[in-house]
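Here's the letter readout for the chains.
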Amino acid sequence: MRAQLMRRTLPSLVLGLLFLSTPAMGSCLDKYQELLGQLQKQADIMQRTSLLLDPYIQSQGLDKDGLKEHCRERPGAFPSRDALQGLGRWEFLRTLDTTLGRVLHRLTALQRDIPKAQDLETLNRAKQNIRGFKNNIHCMAQLLPGSSETTEPTPTDPGTSPSPTPTSDTFQRRLEGCRFLHGYHRFMHSVGQVFREWGESPSRSRRHSPHQGLWKGTRRMQLSRKNKRLLPRGQLPR
Amino acid sequence: MALFSVFQTTFLLALLSLRTYQSEVLSEPLPWAPESLRVFINSTHQCLHLQWSVHNLAHHQELKMVFQIEISRIKTSNVIWVENYSTTVKWNQVLHWSWESKLPLECAKHFIRMRSAVDDAKTPEQSFWSNWSSWEEVHVQNSLGHDPFFVFPKDKLVEEGSNVTICYVSRSQQNNISCYLEGVRMQGEQLEPNVSVFNLNHVAFIRETGTNIYCKGDQGDSIKGIVLFVSKVLEEPKDFSCETQDLTTLNCTWDPRSDTGLLKQLSQSYTLFESFSGKKTLCKHKSWCSWEVAPESQEMYNFTLTAENYLRKRSVHLLFNLTHRVHPMAPFSVLFTDVSATNATMTWKVHTTGNYYTLLCQVELYGEGEVIQRNVSVEVDGKQLFGGLKPDTEYRAQVRCANANHFWKWSEWTRQNFTTAEAAPSEAPDVWRNVKSVQGHSVVTLFWKPLSKLQANGKILFYNIVIENLDRSSISKLLSIPAPANGTELNLDQCLYQIHVTANNSVGTSPASVIIVSGDPGNKEVEEERVKGMEDGFSLSWKPQPGNVTGYIVEWCDHPRGPLCDLQWKSVGPTTTSTVVSSDAFRPGVQYNFRIYGISTERVPYLLEKKTGYSQELAPSDNPQVVMSNLTSRSFTLSWKDYSIESQPSFIQGYHVYLKSKAGQCHSGSEKAVLSDDAVCCKYRIDNPKQKTFVVENLQPESFYEFLVTPYTSVGEGPHGAFTKVTTPDEYSPILIRIILPMVFCILLIMIICYLKSQWMKEKCYPDIPDPYKSSVLSLIKSKENPRLTIMSIKDCVPDSIEVLNKQEGTRKSLTETESSKATYLYLLPTEKSYSGPGPCICFENFTYNQAASDSASCGHVPVAPVAPLSQLGLLTSPENLLKALEKNYMNSLGEIPAGETNLNYVSQLASAMSGDKFILPTNPPEPALCSEYKMQMAIPLGLASPPSSGSSSLSSVTLLDEGEHYH
């Protein structure tokens, strides 16, 4: 039991430390490679099923033969890896931010099905990690070129995102939650791969050259810092 | 109940049949039949709610009626429930009735109908049943979705141990559906072609998130299920109790028992209701609740504690008088005043709980294993005096209080510690001594035991020792030994001394302990007795002394084997003649020696008895080191004189000698013994532990034996370790040796004699020709430190001139070129004509030998005695004469050498043939010339090495120098 708790807590702590470097300080890293590496690490950690899916399966009693195999991601619930890879960098970041906002909302909905305080704590920690990851996405978006032309307000507030259709059937809701978490971890795995590809081919897109982005991002960072107080927290800049 | 219901139903049916008959006869409809019957479904609770009304009632008319309700399942003829619902019907009233189905309503169609009858005494004529209403069909399946199958009931909440019916409804009859409870397949029964039901009996609580029950089609891709929330049964709160500490707030507590909280159901809530005041409060905590006491003087309280969850309620009641439930707060400000060595006063305060309450306080004092308990009645402040306390002792005091009038509970303890003051030591230290005589003086070592805490009455700071010489009473000496010393050493003379020892603390001095010490240690020789140790020590007893004794002292060493003896003693009274000596230091296998002293009235100790023993005897762990001697063909001797019997782990009673032999026969004095390895041997027993030698006899010659010597004690013998091997010698060998040795000696003696005789014969008859190189003269010369003197080798020397006589070819040849095959005679002639002077004395000097030559190894000046071959010597002259002549010349030549006189000395030269000196033939017997300093010169015929080859050899003779040439 103690080991299980460690397994759950340790990655979260690591994630917390990773997040400390940017959002907690209230400013973004202006080094592209450094930020990219951090996003990769965060995605690698968030893809671990021990953070959310495994404790959920256990608390809901879904760890039985005949049930486990139904705990699979529903097609279309999350963007596939191919779809993510086909996106431009800016579109990718926006999709990621949107999807994670949806995840946050869904996790909040899942809380009512979790009676144990310990599991609730795990869930809340995961939500904090997602929020931190979204902040890093925001920072990365600042380093990409053309963001000023294409940026749209990305709703990250769970209250404003489209809510899933909850069913009153507890069993079905339970299965859906399990499928959702499975999809979430798979999605984060794909996200990590995309970020890794970014690192392997830094000049993949001439339009999205990291050097250019870095340069522009630095300039924009200065601007954004000036207007920082005007931006709602957790929202990407316009 | 059911029986009664059936009876009632039967009765009513009979009655109603009669009424129906009557109505038919009368052909008048019942005016108050149920109308507008509607059925509502509550799937969550599996309930059917019926709603209807009764018309034709007059305004404000109330009528007691009975409504009979029939419920059928699947088809109308399958009636599963009949119930008569009696109620008073008012004008324009809508009536309700509910029924909970065991089977989920979705699992089957249900049909409901009802009829009514008046059951009112006011209208007895109308007491017959109305017509049945039409059947109302309830078919929930119609409203289900388009999924292939469904499972019911959804999210049902039941208590642990309940029976639950579950069903699935399939859209198609062909679907092969399997259902599982937490992964375990369930066996159901078919209710309809597309409906199966599963009855779960005594469902158990599994987890707070509920029990998963699910069904899967044969394809396995679709899954439907429900969560059955099984709650623990709500239990009645235990140990419900209320009390007050300050008469303003009541604190009620209980044991909530198990938590019935689930994902769907919150934990049970608790409500406190007081019936006298009618007040009610919802408790915020699970196990306690506060209740404000009414300001008016309400003494009696009747509480009802209700625990409630979604399924059940439980209540407990409590009635009490407030003043009887006072639990005072703990006293405070506990202080000690006037603390002396034996007395202390304790004071404390209590919280006020009203104007008229008296508290009973309990005071306890703990110290040195004693408890003093007092009860004190207190209103505001408490006070208690404690006497008879022990000096310098820490006491722990505690006080608690309770309502004196109506005891309910003691308050918590309030504790405080204090320490009494010191007092002078109450007892004299226990003193003993050890006396040794060293060079006419007495070395007295005084020992004393530290006073116990009870005796010391404080911290002992030092010990005072007063030494008083009894022979010269005027002389006394004072020593002060700081604590925590427990002894000191005194050097005293042979006089009689009285020693006083006192212990001192900060307050005063203890009584003195007095002991008399004299030069005589008093250790008279007494016989030592053995004692047997017990588990708790040694039980010692001694003979009572006829004279007056003031007591006895038993003395021993805790560590007799250690370098420090750690002397211990025990004092007993004069009437005691036995005691048990115990010590934690006693170890098994260690010998302890006890000395028992009597203390005379003059306080002089004298030795009475000695005891020795083991607290526990152990078997010897080692065997003695045995030395074997006197080995003969029939016996040998064993000895182990180095074996100390005093340092053994038990009293040695004797020894066993084990002897193994191939023969296996044991002679008298021994017995057969079987060892642990099943080896059979002979065992000899030695009963005297001081006997450390043993002769093993009756052995066989040339036999192999093994022996072992081991001590034996009362607890066993030593280890049967390695045996020592020995083989007896041959019986005849000594005899043969006794014969052969003298014979050999005799033979050797005879041989020596024969040899000497033969030597004598040899010397007499055919002596050896002396070898000049082996002459002792050489060593004599060496001893005279003239290393240059040596015998010249001819080949190393260049002659001054060589005159060849009897030259056949007229050719001169050097000496080295001479051929041995020819008879050639060489004459050595001096090149210098000088000589010492005319006359018969000729001094021949050869200066060839210079310093450098003399130093060379090849030209050592070694005098060589002339040697002549026996064959030729025999021909020339008699051996004796020849020897004499040779010796004489030889000696003369030696005599002429002035050893160490000069660096260049002439030494007799020997003209040698190339082959060596062996065949030097003296050509001429030495001339007996007077005062001649000429050393014999020998010309060696070269051909002497081989036999003479011609007849001229008969003429050959060694011709020395021509006299005419030599004597100028």
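Keep in mind the model is a prediction, meaning the values are calculated, not measured. Residue positions are given per chain, counting from 1 as you read along its sequence in written order. In the order they appear in the text, chains get letters beginning with A and ligands get numbers beginning with 1. Local features in this predicted model are restricted to residues whose pLDDT is 70 or higher, and side-chain atom pairs enter the listing and the counts only when it is 80 or higher, whereas totals over whole chains, interfaces and linings include all residues. Derived side-chain values reflect all non-hydrogen atoms in the structure, with water molecules and hydrogen atoms excluded from consideration.

Draft legend 1. Structural detail: the overall build of chain B. Each helix is a run of H or I in the DSSP string that is no shorter than four residues. Each strand is a run of E no shorter than two, and both are numbered from the N terminus. Looking only at helices and strands, one finds eight helices and 55 strands in chain B. By the convention used here, residues are in contact when the closest approach between their heavy atoms is within 4.5 Å. Of the contacts formed within chain B by residues at least 6 apart in sequence, a portion of 66% connects residues at least 24 apart.

Draft legend 2. Here's a closer look at the nonpolar core. By nonpolar core we mean a set of buried residues, namely Ala, Val, Leu, Ile, Met, Phe, Trp, Tyr and Cys, connected to one another through side-chain atoms within 4.5 Å. Exposure classes here rest on a 1.4 Å probe applied to the protein chains alone. A residue is buried below 20% of its type maximum, exposed above 50%, and partly exposed in between. Grouped together as the largest cluster of nonpolar side chains are 57 residues, with contacts concentrated most on Phe133, Val191, Phe195 and Trp198 of chain A. The set of elements that each furnish at least two residues to this core consists of helix H2 (32-46), helix H3 (53-59), helix H5 (89-110), helix H6 (117-143) and helix H8 (170-200) of chain A together with strand S16 (223-231) of chain B. The element that contributes the greatest number of residues to this core is H8 of chain A, accounting for twelve residues. With sequence-adjacent residues up to four places away left out, Phe195 of chain A is seen in contact with Leu36, Leu39, Gln40, Phe92, Leu93, Leu96 and Phe133 of chain A. In terms of nonpolar packing, the next biggest core, distinct from the first, is built from 30 residues, Leu446, Leu451, Ile465 and Val517 of chain B among them.

Draft legend 3. Quick look at the sheet that holds strand S1 (residues 34-42) of chain B. Residue and element names in this part refer to chain B. By the convention used here, strands pair only if DSSP detects at least 2 bridges between them. Strand order in the open sheet made by the three strands is S1-S2-S5, with antiparallel pairing throughout. Each having just a single partner strand, S1 and strand S5 (94-100) make up the two edges of the open sheet. Ignoring strand direction, the axes of neighbouring strands in this sheet form an average angle of 20 degrees. Alignment of strand S2 (residues 47-54) against S5, held across seven bridges, turns out to be antiparallel. In this analysis an axis means a line fitted to C-alpha atoms, helices contributing only their contacting stretch, and an angle means the value between N-to-C directions, from 0 to 180 degrees.

Draft legend 4. Molecular detail of unusual backbone geometry. Residues and elements named next belong to chain B. The peptide bond linking Phe152 to Pro153 adopts the cis configuration, its omega dihedral lying at 0 degrees. Secondary-structure assignment places Pro153 in the loop between strand S8 (149-152) and strand S9 (157-159). For the bond running from Ala483 to Pro484, omega is 10 degrees, close enough to zero to count as cis. With respect to the helices and strands, the residue Pro484 is situated in the loop between strand S34 (476-482) and strand S35 (487-492). Phi at Gln46 takes a positive value of approximately 55 degrees, unusual for a residue other than glycine. Overall, the relative accessible area of 1% leaves Gln46 in the buried class. The phi angle at Asp566 is positive, at roughly 60 degrees, despite the residue not being glycine. Looking at the element boundaries, Asp566 is found in the loop between strand S40 (549-557) and strand S41 (567-572).

Draft legend 5. Fine view of the sheet that holds strand S38 (residues 528-534) of chain B. Residue and element names in this part refer to chain B. A sheet is described by the order of its strands in space; here seven strands give the open sequence S41-S40-S43-S44-S38-S39-S42, paired in mixed fashion. The strands lining the two open edges of the sheet, one partner per strand, are S41 and strand S42 (578-581). Strand after strand, the sheet turns through a mean of 30 degrees between neighbouring axes, direction not considered. Of the strand pairs in this sheet, strand S39 (residues 537-541) and S42 are connected by four bridges, and their pairing is antiparallel. Across the sheet, residue Leu540 finds its bridge partner in S42, namely Thr579.

Draft legend 6. Up close: the state of the cysteines. Residue and element names in this part refer to chain B. Our working definition of a disulfide is a cysteine sulfur pair at a distance within 2.5 Å. Under the criterion given, the structure shown has nine disulfides over all chains. The disulfide partner of Cys242 is Cys252, and the gap between their sulfur atoms is 1.9 Å. For the disulfide bridge between Cys242 and Cys252, the dihedral angle about the S-S bond is near 110 degrees, and by the sign convention the bridge is right-handed. Taken together, the residues span a long stretch of sequence, with Cys242 in strand S17 (residues 238-244) and Cys252 in strand S18 (residues 249-255) at a distance of ten residues. As far as burial versus exposure is concerned, Cys242 and Cys252 are alike and both buried. For Cys283, the disulfide goes to Cys289, at an S-S distance of 2.3 Å. Measuring the twist about the S-S bond at about -100 degrees, one finds the Cys283-Cys289 disulfide to be left-handed. You can call Cys283 buried: its relative accessible area is 10%. Across chain A, the disulfide pattern expressed with sequentially numbered bonded cysteines is 1-3, 2-4.

Draft legend 7. Quick look at the environment of Ser43 of chain B. Residue and element names in this part refer to chain B. Position of Ser43 among the secondary structure elements: in the loop between S1 and S2. The class for Ser43 is partly exposed, based on a relative accessible area of 27%. Separated by 62 residues in sequence, Ser43 and Leu105 place their C-alpha atoms 6.7 Å apart. With residues near it in sequence (within four places) discarded, Ser43 still touches Glu106 and Val140.

Draft legend 8. A look at the UniProt feature "transmembrane region" (unreviewed entry) in chain B. Using the residue numbers shown here, the UniProt feature "transmembrane region" (unreviewed entry) corresponds to residues 735-756 of chain B. Measuring from the first to the last C-alpha atom of residues 735-756 of chain B gives 32 Å, for a span that is 100% helix and 0% strand. UniProt positions are given in the numbering used here, feature names are shortened, and annotations may be inferred rather than shown by experiment.

Draft legend 9. Up close: the pairing of S18 of chain B. Residue and element names in this part refer to chain B. In S18, alternate side chains face the same way, and those of Leu250, Cys252 and Trp254 are buried while those of Thr249, Asn251, Thr253 and Asp255 on the opposite face are not. Judged from the five bridges that link them, S17 and S18 form a sheet pairing that is antiparallel. Bridge assignment links Cys242 to a residue of S18, and that residue is Cys252. As consecutive antiparallel partners, S17 and S18 are separated by four residues, and within that stretch Leu247 has a phi angle of approximately 60 degrees, a positive value. For S18 and strand S21 (residues 288-292), the ladder comprises five bridges, and the chain directions are antiparallel. Within S21, the position partnered with Asn251 by the bridge is Ser290.

Draft legend 10. Highlighting the interface of chain A and chain B. In this assembly, 23 residues from chain A lie in contact with 21 residues from chain B. Buried area, as used here, totals the accessible surface that two parts lose on assembly, with accessibility defined by a 1.4 Å probe and the loss added over both. Surface buried jointly by chain A and chain B totals about 1,500 Å² across both partners, of which 53% is contributed by carbon and sulfur atoms. Of all residues in chain A, His70, Phe171 and Arg174 of chain A give up the largest surface area on contact with chain B, accounting jointly for 32% of the area buried on that side. The term salt bridge refers to a side-chain nitrogen of Lys or Arg lying within 4 Å of a carboxyl oxygen of Asp or Glu. Joining chain A to chain B, the criterion identifies three salt bridges.

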